[in-house]
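What follows is the residue order along each chain.
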Amino acid sequence: MRGRGIQLLSQVLLQCYSLLQEKEVLHLVMFYESRLQDNHLVIPSVLQGLRALSMCEVLSPGLAVSVLKAIFQEVHVQSLPQLDRHTVYSIITNFMSTREEELKGLGANFTFGFIQVMDGEKDPRNLLVAFQIVRDLIAKDYALGPFVEELFEVTSCYFPVDFTPPPNDPHGIQREDLILSLRAVLASTTQFAEFLLPLLIEKLDSELQSAKLDSLQTLTACCAIYGQKELQEFLPSLWSSLRREVFQTASEKIETECLAALRALSACLSRSVLSSDSEDLLDSFLSSILQASFLSSPHSNFWLLQDCRHHLCEPDMKLVWPSAKLLQAAAGASLRTYHCITHSVLPLLLEQYTKHTQSSQRRTILEMLLGFLELQQKWGNVEEGEDESALLLLQAQICSVVFSALLDPSVQLQLVGIKALTVLGSLQGFLSSSNLELVADHLIRLALHEDSQSSEAAMEAAGSLAPTFPKVFSGHMVPRLKEELQSEREESYHNRHSLQQRCLQALAAVSTHTSIVKETVPILLQHLQKVQKGTEARNTQDMISVCQSLHRVALQCQQDAEGCWYFHQTVVPCLLAMAVQAAMPESTHTLPGKALLEEEVLAAMIPVISAATTHLRPELAAQSVSHVVPLFLDGDVSFLPQNSFPCSFQPFGDGEFLEAQRRLVALLMAFICSLPRDVAIPQQEWLLRELLALSCSCNCPFTATTAAKCFAGLVNKHPAGQQLDEILQLAVNRMEPSLAEGPRRTQALTLLLWVTKALVLRYHPLSSCLTDKLLGLLGDTELGPATADGFSLLMAESPDVLHKGCHADVRIMFRQRFFTDNVPKLVQGFHGAGPDVKANYLKGLSHVLNHLPKPVLVTELPTLLSLLLEALSCSDRVVQLSTLSCLHPLLLEAPQIMSLHVDTLVTKFLNLTSSPTMAVRIAALRCAHALTSLPTTVLLPYKGRVIRALAKPLDDKKRLVRKEAVAARGEWFLLGSPGR
C-alpha cells in the first residue's frame, strides 16, 4: 500500500515539478530520503519521485548533496532493475548540470559514490549514460582524489567492447556507439595513462582483430592529450607492437590504424615542451624507427637484416613497403619529424635508385621517394635558406632521378616519374628555371608519345602545373605543340593523324590558365579553319577532334570569369562564322564535302558553345545574346569575324536552297538553351514562333529535332503567364493536325515529346494533357513504337538541353511524380490494347521504371512484377533489354519479393540467353547471375537445370557473352556450398 501511494505521488510530481515552491520541495525531499530506508519494493517509486525533484529549479542549497548521499548510502543500485538504475543515473546527471558547485564540495566522495553506483553495470542503455557522467566528471574537473585507478577500473573493464545488438532492437544502440563513448572516457585524461597504456599493449598482443583495432584507435585518441611524460615508460613496448603489426599483419585495416597510431605518437612527442635537463624522446623514438628500417651507417647495405637484402632485387620488395610506410607515417606527424627522417632516408633512397638498374626496382624506390615528396606538400613550400630541408640539399639529385625515370622505356616507371614531377612542381621554389624548361620538354615528349597511359598522364601533369608556371608553358610548351600540329612531315596519314590528335589533346590539357588559353584557343581555331578548307575524306573526324579539345578548354575556363568570357567571345563568333560560311548557297553544291555541316560535326560543336555559355555572368550573357538572336532572326552578321558573305543568312526562310542554313539552328539551340534564366532574350516570342514552324515543317529530321529541342528549352525557362499560355496553345494547335495525319507525323511527335518533357520538368499544368496525348499514341500502329521510345526521353537526363547544368527549370522528384500520375494509365492501356500494340505499352512502362529511383521501384514492385515478366516474352529487343536492366537491381535489392516468381524468372532468363541480340544475351546472363542473391533454399531445385543451360553460352562467339556466362555459371556451381 505504501508503494502504491508513493508511486501515485511520484507520477504527480513528474507532471508538475516545475510548479512546486521551495518549502514544498524541501519537505518532499526529506520525505523521499526517509523512504529510501523502506522495503525494497518501495524504492523504484521513491527514485522516480527524486528524479522529478532533481529537475526543480527551486531546490534549496545542500539538498542535491543530501539526496545523493542518501542514495549512495541506502540504495544498492546494481541490484535494481534496468529502468530503476537508469533513474539513478538520470538523477546524478540532472544534479551535475544544475548543482555543479555543490557536488564539487563533496570532493572525492562524490566520485567514490558514483563508482559504487556504476560498478557492475551491464545494460548498454545505462552504460551510455554512465560513460557520459564519467566524461563530465573529468571534463568539469571534479575531484578524483585517490580513486583515479578505481574510476579507470570501473570503466576499462568494458574494453574492448563486446556487444552484439539483438535483432529488431527497439533502442537502436549499436556496438560502435558504446565503443566511441568508452573511448571518449579512456582518452579524456592523462591521469589514466599509467593504467591504460599497459592495457592497450596487452590487447595489441592478443589474437582478436577487433581488440587490436579498438586498441589502436584508442591509442591514437589518447595521443591528442598525452605528453612525453605519460608516454616515456611505454614507448619501447608500443613501438615493438606497432612495428610487429605493420610487418606481419594480413589485415589492411590494422595496418592503417597502426600507421595512424604511429603518426599520432610522433606528433605527440613533437609538440612536447622539453625542460633543459630532460631527454628528447622524439629523437630516440625516431632512431628506433630508422634502425628498424635501415642500417644507421651510410656505408651499409641499406637494410638492417642481411637476409632481407635480396628483397631489394625482387619486384614485390615485401620488406621495403612496410618500412617505407612506417617512415612516412612518422614523417607525416610534424615538420620536425619530417626533417629528421628525410635527412636520413632520402640520401639512401637516391643511392639505391642509382644502384638498381631494373625498372621494376627503380619504380618501387621512386614510389617511396614520391611518398616523402607528397608529405612536403602537407608542410608547405620549401624555401631558400631553410637549413633543415633535405629536399633543398638534395635538389639536384632528386631532379636527376625523376628526369631519368621519365626517360626510362618502362611505362610504369614513367607514370611514377610524372607523378613525382607534378609534386615537385607544386613545391614553390624547388624547380629552377632551367629545370622547368626540362619539365616542359619531358611533358611534351611524353604527351606526344604513342603509349596512351604515358600520354594521358603527361597531359594531366601539364594541366596541373600550368597554373603555377603559366609563362613557362605558354612560352615553351605551346609553341612546340603548335609547331608539331602544323608540321608537314612526309609520313603516313595514320601517323600524322595520330600525332595531330595528341597535339590537340595536349593543347587542351595545358589550357588551365587564362594567359595560356589566350595562346591555345587561336591555334585550335586556326587548325579547325585549315581542316575546313581541306579536301581529305577524313575531315569530319578531324573537325570533331578539334571540337572535343575546344570543349575541354571551355570546361576548364568555367570557374575563371576572365577566361570564360575570353573563350566565349573568341570561340562562339568564330564557330558561327565558319558554319555560316559553309552554309552559304554558293557552297552547298558540294554539301557532301562540307564536313562542318554534317550532323556529327554540328553535334560536336554543340557542347563547345553550351559550355562556353553556361557560366557567363548575366550582363555578359545579355551582351552576347543581343548579337546571336539577331543573327538568326534578322541575318545580322556584323559581329562575326570575316563577315563578308556572298548572300544573306536566313535560317528561318523558305526555300530548298536554305536547307543548309537551317541546320545551324543546332548552334542556336546550344547557345540560347544554356543561358541563365534571368537573361532576357530579345524578340523571344518571334523566335519561338519561328522555331515552332521549323520543327513542324522541316523535312530534315536533324533540323526538325534541334528546332523542337530549342523551342522546348525556351518554353521550360519562360516565365509563367499569358504569353507562355498563348505560345503553348499555338504549339498544341500546330501539333494536333499533324499528329492526326499527313507526311510530317514524326516531326510532330518529336515536338510533342520535347515540349512535354519541358513542361513535366517544371510541373506545368499542361504537362498532364500532353502526356495523355502520348499515352493515346501508344495505340497507333505507325507512331506507337516511336512514342514508346519517347518515354525514355521524358525520364532520362538530356545531354544538351533541359538539364540543371544549362539552368533549366527542373523540379525535384519529377520522375516519381510522373510515375505516380502515368504508370496506372500505362497498365490500364496495356490491358485494353490490341495484341499488335501491347508491346508499345510494355516498352513505355519499362522505360519509365528503368529511370525511376530504385527505392521507389522496390515499393511498387508487387503490383508491377507480373507486367515486367510479361514484357520479357515480348519479341521487341528494346523491351527485353530495358526490362532486364530494370529487373537486375531488383533481384539484388528485393530478393524476398522476387523469390515468389523464381520459376518464371529462371525460365525467362535462360530463354533469353539464346537471343540473337548480343546485348540481350549479356543482360539475361547478368540477371541469371543476380538470381543467386535470392534465398538458397528457393534456388536449389533449379541448380542443375541452370548449370546445364548455361553451358551453351560458354561457347558463344562473342567474348563478352562468354565472360558473363562463366561468372554466372560459377556462382550457380557454388550455390549451397558451405560458408556461402
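Residues numbered from 1 in each chain as written. Predicted model: local features only at pLDDT ≥ 70, side-chain atom pairs only at ≥ 80, totals over all residues. Heavy atoms only, no water.

1. Notes on the overall build of the protein
The criterion, for reference: Only DSSP runs of H or I covering at least 4 residues are called helices, and only runs of E covering at least 2 are called strands; the numbering of each starts at the N terminus. In this description the radius of gyration comes from C-alpha coordinates, and the expected globular size is given by 2.2 Å times residues to the power 0.38. Exposure categories follow from relative accessible area, calculated using a 1.4 Å probe and restricted to protein chains: below 20% of the type maximum is buried, above 50% is exposed, and the middle band is partly exposed. Any two residues whose heavy atoms approach within 4.5 Å are treated as being in contact. Here, Shrake-Rupley sampling with a 1.4 Å probe gives the accessible areas, and only protein chains in the shown set may cover a residue.
In terms of regular secondary structure, the protein is built from 49 helices and zero strands. Taking 30 Å as the expected radius of gyration for a compact globule of 980 residues, we find that the protein reaches 38 Å, considerably beyond that expectation. Taken over 980 residues, the protein has a buried fraction of 55%. Here the analysis covers contacts within the protein between residues at least 6 apart in sequence; of these, 73% occur between residues at least 24 apart. As displayed, the protein offers around 42700 Å² of accessible surface, 52% of which is attributable to carbon and sulfur atoms.

2. Quick look at the side chain of Ser511
Looking at the element boundaries, Ser511 is found in the loop between helix H26 (493-509) and helix H27 (514-533). Discounting residues that sit within four places of it in the chain, Ser511 has contacts with Ile516, Val517, Thr520, Val553 and Gln556.

3. A word on a negative patch on the surface
Formally: Patches in this entry comprise residues that are over 30% relatively accessible and not in a salt bridge; like charges within 9 Å are linked, as are nonpolar side chains (Val, Leu, Ile, Met, Phe, Trp, Tyr) within 5 Å. A pairing counts as a salt bridge when a side-chain nitrogen of Lys or Arg comes within 4 Å of a carboxyl oxygen of Asp or Glu. Counted as positive: Lys and Arg. Counted as negative: Asp and Glu. His and the chain ends are not counted at all. For this purpose, a charge sits on NZ of Lys, CZ of Arg, CG of Asp or CD of Glu.
A contiguous patch of negative charge on the surface is contributed by Glu149, Glu150, Glu153, Glu194 and Glu233. At three residues, the largest contribution of residues to the negative patch is made by helix H9 (residues 148-156). Locating Glu233 in the fold gives a position in the loop between helix H13 (228-231) and helix H14 (235-248). In this structure Glu233 comes out as exposed when scored by relative accessible area, which is 64%.

4. Brief notes about the packing of helix H37 (residues 745-761) against helix H38 (residues 766-777)
Basically, it comes down to this: Between N-to-C directions, angles cover 0 to 180 degrees, with each direction set by a line fitted to C-alpha atoms, over the stretch in contact for helices. Two helices crossing with the near one rotated counterclockwise from the far one by less than a right angle form a left-handed crossing, whereas a clockwise rotation gives a right-handed crossing. Each residue is assigned to one of three groups, with Ala, Val, Leu, Ile, Met, Phe, Trp, Tyr, Cys and Pro labelled nonpolar, Asp, Glu, Lys and Arg labelled charged, and all others, Gly among them, labelled polar.
Axis separation between H37 and H38 bottoms out at 9 Å; the angle between their running directions is 145 degrees. In this structure, H37 meets H38 at a crossing whose hand is left-handed. Of H38, the residues touching H37 (which contributes Leu749, Leu752, Leu753, Val755, Thr756, Leu759 and Val760) are Leu766, Ser767, Leu770, Thr771, Lys773, Leu774 and Leu777. Considered class by class, the residues forming the contact of H37 with H38 number ten nonpolar, three polar and one charged.

5. A short note on helix H40 (residues 814-832)
We apply this condition: One less than the residue count of a helix, multiplied by 1.5 Å, gives the span that helix is expected to have. Fitting axes to the seven residues that end at a residue and to the seven that start at it, the angle between those axes gives the bend at that residue.
Along its 19 residues, H40 runs 27 Å from first to last C-alpha, staying within 8% of the 27 Å computed at 1.5 Å per residue. The sharpest bend along H40 measures roughly 40 degrees and falls at Asn822, with the proline Pro824 sitting one to four residues further on. Taken together, the buried positions of H40 are occupied by Phe814, Gln816, Phe818, Phe819, Asn822, Val823, Leu826, Val827, Gly829 and Phe830. Summarising the contacts, the buried residues of H40 are in contact with H37, H38, helix H39 (784-795), helix H41 (838-850) and helix H42 (854-871).

6. Digging into the layout of surface pockets
Selection rule: In this analysis the probe radius is 1.4 Å and the grid spacing 1 Å, with only protein atoms considered; a cavity is a set of points the probe fits into but cannot get out of, a pocket is an open set with protein on both sides within 12 Å along at least five of seven lines, and lining residues have an atom within 4 Å of a point. Grid points are joined across faces, edges and corners, and a volume is the space filled by probe spheres set on the points.
Volume-wise, the largest pocket comes out at about 270 Å³. Sorting the residues of the lining of the largest pocket by element identifies H27 and helix H29 (561-583) as the ones contributing at least two each. Per element, the largest residue contribution to the lining of the largest pocket is five residues, and it comes from H29. A breakdown of the residues in the lining of the largest pocket according to their chemical character gives six nonpolar, five polar and two charged.

7. Brief notes about the nonpolar core
Threshold: Put simply, a nonpolar core is a bunch of buried Ala, Val, Leu, Ile, Met, Phe, Trp, Tyr and Cys residues held in one set by side-chain atoms that sit within 4.5 Å of each other.
Grouped together as the largest cluster of nonpolar side chains are 250 residues, with contacts concentrated most on Leu443, Phe473, Phe567, Leu664, Ile672, Leu691 and Phe711. If you tally residues by element for this core, the top one is H29, at 15 residues. Those residues within four positions of Leu443 in sequence are excluded, and the remaining contacts are Leu421, Ala458, Ala461, Ala462, Leu465, Phe473 and Met477. Formed by 100 residues, the second largest nonpolar core is a distinct cluster that contains Ile6, Val25, Val65 and Ala264.

8. Side note on the packing of aromatic side chains
Under the convention used in this document: Here a Phe, Tyr or Trp ring, Trp counted by its six-membered ring, pairs with any other such ring whose centre lies within 6.5 Å, and the pair is stacked when the planes are under 30 degrees apart, edge-to-face when over 60, and tilted otherwise. Geometrically, a charge over a ring is one whose NZ (Lys) or CZ (Arg) sits within 6 Å of the ring centre while staying within 35 degrees of the ring normal.
The final tally for this structure, using the stated rule, is nine aromatic pairs. Pairing Phe632 with Phe649 gives two aromatic rings, centres 5.5 Å apart and planes at 70 degrees, and the pair type is edge-to-face. Placement of Phe632 in helix H31 (residues 618-634) and of Phe649 in the loop between H31 and helix H32 (659-662) is noted, with a sequence separation of 17 residues between them. Both residues of the pair, Phe632 and Phe649, belong to the buried class. Here a set of aromatic residues connected by ring pairs shows up, and it is made of Phe72, Phe110 and Tyr142. One cation-aromatic arrangement involves Arg817 over Tyr763; the distance from NZ or CZ to the ring centre is 4.2 Å.

9. A look at helix H45 (residues 902-912)
Every buried residue of H45 is accounted for by Val902, Leu905, Val906, Lys908, Phe909, Leu910 and Leu912. Those residues of H45 that are buried lie in contact with H42, helix H43 (877-893), helix H44 (895-898), helix H46 (918-930), helix H47 (936-939) and helix H48 (943-949).

10. Some details on the state of the cysteines
We apply this condition: Any two cysteine sulfur atoms lying within 2.5 Å of each other are counted as a disulfide.
Scanning all chains against the criterion turns up zero disulfides. Among the cysteines around Cys223, which has no disulfide bond, Cys268 carries the closest sulfur, lying 5.2 Å off. Look at Cys223 and you get buried, because its relative accessible area is 2%. Unpaired in this structure, Cys710 has its nearest cysteine sulfur neighbour in Cys673, at a distance of 4.3 Å.

11. Observations concerning the pattern of salt bridges
All chains considered together, the criterion is met by 28 salt bridges. Its salt-bridge partner being Lys325, residue Glu255 comes within 2.9 Å of it at the nearest N-O pair. Taken together, the residues Glu255 in helix H15 (residues 252-271) and Lys325 in helix H17 (residues 320-331) connect sequence positions 70 residues apart. The class of Lys325 is partly exposed, set by a relative accessible area of 29%.

12. A look at unusual backbone geometry
In this structure, Pro160 follows Phe159 across a cis peptide bond, with omega equal to -10 degrees. Along the polypeptide, Pro160 turns up in the loop between H9 and helix H10 (175-186). If you check the backbone angles, Gln683 has positive phi at about 55 degrees while not being a glycine. Assignment of secondary structure puts Gln683 in the loop between helix H33 (665-672) and helix H34 (684-697). Among the residues examined, Gln683 registers a relative accessible area of 33% and is labelled partly exposed.

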